[in-house]
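# Fold and contact review
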Amino acid sequence: MKRFIFLMVCILCNMGVYGQTTLQYHLKKGDVFKVRQDAVQIITQELDGATHEITNHIDGILEFKVLGEVDNGYDVALTFKDLNLKMTSSIQGELMNVRAKEVNDEDMQSKVFNTILNNPVKMVLAKTGNILKVQGGDSLVSKMARASGLEDEFSINMMKKSLENEFGSEALSNSYKQMTFIYPDKKVKVNDKWENVYNGKLKTTNMWTLKSIVDNKATISGKATVLMDVTDANTIMKLSGTQTTAVMVDAHTGFIIHMLVEGLSTGTSTMTQMGGQEIPTTIKSKITYELINK
């Protein structure tokens, strides 16, 4: 009887070991992944009983090409293959509508965003998905500013400062961690949880759960708390909220197959032209990433 119990304990222990898996990126030089991104952000502001709603819609295609392996990670080239931006206001109507592939010589924004296409930036991607470094974002920003057609250095530098908030090296690193930084630094099994944190305009603390692994596809869910602190020349936004993520990945490569990120944050925004008055503000967002080929 004792021997039977001993054998059962050994079997159960082994089952526990074999039930664990290492979730991480397993890439090789030359791998190419194309991802379709679609993001909708709705900003709602309330002032004296009136509502102003701004809707930002961004979609495009990103290409990730593995350049080689480094210590505990990979050198990856990130290239925008397509990018479309549209901004509308419930009060002012359409504020921006740019399709980066369609250059209009009469439209400064068209020329600026066309420059972002097919100009790769290099990132170091840890096996956990953390983006350790981005190189080339600041050079890209300079190219975009020069493409504007502005001639005086002061105006060009002002445009650079504005573009750096979205396309500089640090901004790109923080933006795409949302898509890549999903793995733990230890083995896990189904229903295990782990946490990671990343900073930027959004400080996000994520709690992830491995929901299932079936047919070499892993399903992971995430719940996060979000702190937003954005300051630019005219506006300060301070908000907090929550974010949920549902993601399916290829357990063999670690690369996403599909990801849905939804968030809701509330707080205040302050505009310099309104004398520092705090305006109640809500931001609702929905972002999808979908692998379109490998």
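Fair warning: this is a prediction, and the values are worked out from it, not measured in the lab. (Residues numbered from 1 in each chain as written. Predicted model: local features only at pLDDT ≥ 70, side-chain atom pairs only at ≥ 80, totals over all residues. Heavy atoms only, no water.)

### What to know about the overall build of the chain
When you go through the chain residue by residue, the secondary structure sums to 5 helices and 12 strands. For the chain, the C-alpha atoms occupy an extent of roughly 85 × 50 × 25 Å along the three principal directions. Within the chain, the fraction of its 294 residues that count as buried is 40%. Considering only intrachain contacts with a sequence separation of at least 6, the fraction spanning at least 24 residues in the chain is 56%. (Helix = DSSP H or I, 4+ residues; strand = E, 2+ residues; numbered from the N terminus. Buried < 20%, exposed > 50% of the residue type's maximum accessible area, 1.4 Å probe, protein only. Contact = heavy atoms within 4.5 Å.)

### Thoughts on the nonpolar core
In terms of nonpolar packing, the biggest core is built from 54 residues, with Phe113, Phe167 and Ile256 touching the most fellow members. For this core, the leading source of residues is strand 3 (residues 73–89), giving 6 residues. Those residues within four positions of Phe167 in sequence are excluded, and the remaining contacts are Phe80, Leu83, Phe113, Ile116, Gly137, Val141, Met144 and Leu172. In terms of nonpolar packing, the next biggest core, distinct from the first, is built from 7 residues, Ile43, Met228, Met237 and Ile283 among them. (Core = buried A, V, L, I, M, F, W, Y, C linked by side-chain atoms within 4.5 Å.)

### Considering the pattern of salt bridges
The final tally for this structure, using the stated rule, is 8 salt bridges. The shortest N-O distance in the salt bridge between Lys122 and Asp75 comes to 3.8 Å. In this pair, Lys122 sits in strand 5 (residues 121–126) while Asp75 sits in strand 3, placing the two residues 47 residues apart along the sequence. Note on Lys122: relative accessible area 33%, which makes it partly exposed. In this structure, Arg99 engages Glu102 in a salt bridge whose closest nitrogen and oxygen atoms are separated by 3.5 Å. Classification of Arg99 as partly exposed rests on a relative accessible area of 43%. On the basis of relative accessible area, Glu102 is assigned to the exposed category, the value being 52%. (Salt bridge = Lys/Arg side-chain N within 4 Å of Asp/Glu carboxyl O.)

### Here's the deal with the environment of Ile58
By secondary structure assignment, the location of Ile58 is in strand 2 (residues 50–70). Taking the C-alpha atoms as reference points, Ile58 and Ile182, 124 residues apart in sequence, are found 23 Å from one another. Setting aside residues no more than four positions away along its own chain, Ile58 makes contact with Gln37, Asp38, Ala39, Leu83, Asn84 and Leu85.

### Some words on the pairing of strand 8 (residues 202–214)
Taken together, the 6 bridges between strand 7 (residues 193–198) and strand 8 define a ladder with antiparallel strand orientation. Bridge assignment links Val197 to a residue of strand 8, and that residue is Thr205. As consecutive antiparallel partners, strand 7 and strand 8 are separated by 3 residues, and within that stretch Gly200 has a phi angle of approximately 140°, a positive value. As judged from the 12 bridges shared by strand 8 and strand 9 (residues 217–231), these two strands associate in the antiparallel manner. (Pairing = 2+ DSSP bridges.)

### Regarding unusual backbone geometry
Look at Asp48: it is not a glycine, yet its phi comes out positive at around 50°. Looking at where Asp48 falls in the secondary structure, it is placed in the loop between strand 1 (32–47) and strand 2. Overall, Asp48 belongs to the exposed group, its relative accessible area being 76%. Within the chain, Asn118 stands out as a residue other than glycine whose phi angle is a positive 60°.

### Some points on the packing of helix 4 (residues 153–167) against helix 5 (residues 169–180)
Geometry of a packed helix pair, given as the angle between the helix axes and the separation of the axes. Where helix 4 meets helix 5, the closest approach of the two axes is 6 Å, and the angle between their N-to-C directions is 25°. Looking at the two axes, helix 4 sits roughly parallel to helix 5. Contacts from Glu164, Asn165, Glu166 and Phe167 in helix 4 reach Ser169, Ala171 and Leu172 in helix 5. Looking at the contact of helix 4 with helix 5 residue by residue, the class counts come to 3 nonpolar, 2 polar and 2 charged. (Axes fitted to C-alpha atoms, helices over the stretch in contact; angles between N-to-C directions. Parallel < 35°, antiparallel > 145°, perpendicular 65-115°, else oblique. Nonpolar A, V, L, I, M, F, W, Y, C, P; charged D, E, K, R; others polar.)

### What to know about the environment of Val98
Structurally, the position occupied by Val98 is in strand 4 (residues 93–99). For Val98, a relative accessible area of 2% translates into the label buried. For Val98 and Leu140, which are 42 residues apart along the polypeptide, the C-alpha to C-alpha distance reads 18 Å. The residues contacting Val98, other than those within four sequence positions of it, are Leu83, Asn84, Leu85, Gln109, Ser110 and Phe113.

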